[in-house]
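# An overview of the molecular structure
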Amino acid sequence: MHTLVLSDIHLGNGAGYDIFAGGDLLPATLVAAAAAGTNVVFNGDTFDFLMNEDPLELDIARATAQAEAIARNPPTAATLAALGKVLAAGGQVEIRLGNHDVELALPEVQAVFRRALAQPDAIAERLVFTLGDAPGLLEVGGAKILVTHGEQNDKWNQIVYDHLDAAHAAHFSYPPGSRLVKTLLNPLKRRFGMRFADLLKPDFQGGVLTTLAVDPSALGLVFQGSTLKLLWQLFRRMDDDVSFAPGAATPAEPELGLAVALDAADLSPEERAALEAALDPDAVSFGLLGDARELLGAASAKVARAGLRLYAQAQRHLAGGIGDSFFDLAPDPDEWKEAQRLGTKFRADAVVLGHTHAARFRSDPDLTYVNTGTWIYLMRLPAADAPLADWQDFIDQCRANPGLDPARGPCPALISRPTGLAIDPDPAGGARLQLLEFTAAGPRVLGEARVRAHAPSGSEAMS
């Protein structure tokens with residue numbers, strides 16, 4: 001059968017934090033998939049359990065209530081009803097866990113979403129939820145296609161699955177990235193209207209530095225008066241091995257590299273002092289003094305450029321006036337290296353990831369790599385190498401209009417580009433992979449490859 005792989009949908013509860021940009025397009029895409037006889041794989045972060053005011057604890061009753069709120073939200077309800085049609089038409093639906101929806105491991109949460117399919121129990125029970133502690137492997141036309149969300153190589157968001165069940169929920173520890181969403185990004189949106197902060201996920205260095213640039217006093221208040229020095233200590237360097245590796249240690253407290261990222265801003269000692277004073281409500285404020293105000297303004301522009309440059313690089317030239325070609329689909333060397341590692345370890349002919357929100361496509365004779373992108377809003381940025389003045393203008397717009405509401409004046413543009421992967425058996429053997437952009441007029445092919453099954457080695461041939 002035809003298989004559709006989507007990731008990073010981020011369906012929320014509609015209560016003000018949502019970043020889902022799919023509107024009616026996602027349900028319509030799934031209804032069309034049902035009519036065509038399709039298997040659907042949601043490859044992580046389908047739902048977003050972090051967009052709420054609840055404590056960050058894996059509590060069964062709280063998680064169930066969050067699931068019910070998400071399921072009631074009209075975009076989610078329409079999406080789940082469409083998935084029910086896929087199942088009713090004979091297709092399979094698998095929802096793999098990501099770092100924003102680990103609550104899907106709980107049977108009580110799974111039951112909420114099965115009920116929302118609006119199908120008889122016999123059909124709804126065929127909805128499969130899969131942990132992400134090991135990748136999925138699809139066999140299509142003899143080709144082996146690895147599918148996993150991709151957080152195994154992200155120290156901020158790695159999930160430790162040992163306690164991710166009802167019996168041990170009280171001992172489950174959320175990763176640092178989830179804690180940052182709850183303790184930094186959500187309060188910034190709620191208390192200071194900084195909608196842009198949430199759109200910088202999953203790059204938290206970029207998010208923190210950008211917030212520091214736009215309103216350092218807000219960051220200081222969120223951290224309850226922490227000085228810049230203390231803030232640096234919260235986000236240090238990381239050295240842990242990736243998961244999916246033999247003997248990988250359980251990550252304890254990954255270090256997040258904020259101090260190193262801030263060093264890249266190349267601040268003068270005076271500019272650092274201005275930022276530290278702005279962060280610390282107990283320090284003498286520089287905000288009312290002319291010379292110090294200039295220092296803080298210069299420091300903010302440098303920090304913004306450093307922080308947003310991280311994000312711009314992660315999103316591969318998302319900025320700029322290049323229309324539909326704003327994604328450079330070629331993976332960077334680290335992404336390709338990780339795809340090769342997974343392909344070699346699991347003897348896969350193709351590797352499919354999500355998580356980074358940036359669509360990718362590369363096909364070599366021995367390996368095809370796809371990142372399925374995202375269905376959320378993203379922010380159009382200045383070019384990574386733009387003059388400092390352009391970054392200053394950008395930050396001024398964010399400062400004046402943090403909610404990114406065009407009705408309230410100039411603001412950075414929001415963009416979306418929903419993408420996914422179609423997999424079909426190739427009549428000549430192997431599989432055909434197509435990276436698609438979904439539009440109201442129908443899907444558009446961004447990248448295509450025919451993946452052949454590798455010939456077995458001598459030992460495999462005899463086994």
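This one's a predicted model, so the numbers in the text were calculated from it and none came from an experiment.

Pairing is mixed in the open sheet, where seven strands are placed in the order E4-E3-E2-E1-E12-E13-E14. The open sheet is flanked by strand E4 (128–130) and strand E14 (444–451), the only strands paired with a single partner. Within this sheet the neighbouring strands show an average axis-to-axis angle of 20°, counted without direction. In the sheet, strand E1 (residues 2–6) pairs with strand E2 (residues 38–43) via five bridges, with the strands oriented parallel.

A word on unusual backbone geometry. Unusually for a residue other than glycine, Asp 8 sits at a positive phi of about 55°. For Asp 8, the position within the fold is in the loop between E1 and helix H1 (25–35). Notably, His 10 is not glycine yet its phi reads approximately 60°, a positive angle. Mapping His 10 onto the fold places it in the loop between E1 and H1.

To continue, consider the nonpolar core. In terms of nonpolar packing, the biggest core is built from 47 residues, with Leu 6, Phe 47, Leu 104, Phe 113 and Leu 164 touching the most fellow members. Contributing elements (two or more residues each) for this core: E1, H1, E2, helix H2 (60–72), helix H3 (74–88), strand E3 (93–96), helix H4 (107–115) and helix H5 (121–124). With five residues, H3 is the largest single contributor of residues to this core. Aside from chain neighbours lying at most four places away, what touches Leu 104 is Phe 47, Phe 49, Ile 95, Leu 97, Val 109, Gln 110, Phe 113 and Phe 129. Of all hydrophobic cores here, the second largest spans 20 residues; its members include Ala 350, Val 352, Val 370 and Ala 449.

Moving on to the side chain of Gln 158. Take Gln 158: it is sitting in the loop between strand E6 (143–147) and helix H6 (176–192). Side-chain polar atoms of Gln 158 contact the backbone oxygen of Gln 152, separated by 2.8 Å.

Moving on, we come to the pattern of salt bridges. For the structure shown, the criterion picks out 11 salt bridges. Of the charged contacts, one joins Asp 424 and Arg 432 as a salt bridge, the two residues approaching to 3.6 Å between their closest N and O atoms. Exposure remark for Asp 424: the relative accessible area of 14% places this residue in the buried category. Residues Glu 448 and Arg 450 are paired through a salt bridge, measuring 3.2 Å at the closest nitrogen-oxygen approach.

What follows concerns the packing of H1 against H3. Between H1 and H3, whose axes approach to 8 Å, the crossing angle comes to 5°. Classified by the angle between their axes, H1 and H3 sit roughly parallel to one another. Seen from H1, the contacting residues are Leu 26, Pro 27, Leu 30, Val 31 and Ala 34; seen from H3, they are Ala 78, Thr 79, Ala 82, Leu 83, Lys 85 and Val 86.

Conventions adopted
- Residues numbered from 1 in each chain as written.
- Predicted model: local features only at pLDDT ≥ 70, side-chain atom pairs only at ≥ 80, totals over all residues.
- Heavy atoms only, no water.
- Pairing = 2+ DSSP bridges.
- Helix = DSSP H or I, 4+ residues; strand = E, 2+ residues; numbered from the N terminus.
- Axes fitted to C-alpha atoms, helices over the stretch in contact; angles between N-to-C directions.
- Core = buried A, V, L, I, M, F, W, Y, C linked by side-chain atoms within 4.5 Å.
- Buried < 20%, exposed > 50% of the residue type's maximum accessible area, 1.4 Å probe, protein only.
- Contact = heavy atoms within 4.5 Å.
- Polar contact = N/O pair within 3.5 Å; in protein donor to acceptor, adjacent residues only side chain to side chain.
- Salt bridge = Lys/Arg side-chain N within 4 Å of Asp/Glu carboxyl O.
- Parallel < 35°, antiparallel > 145°, perpendicular 65-115°, else oblique.

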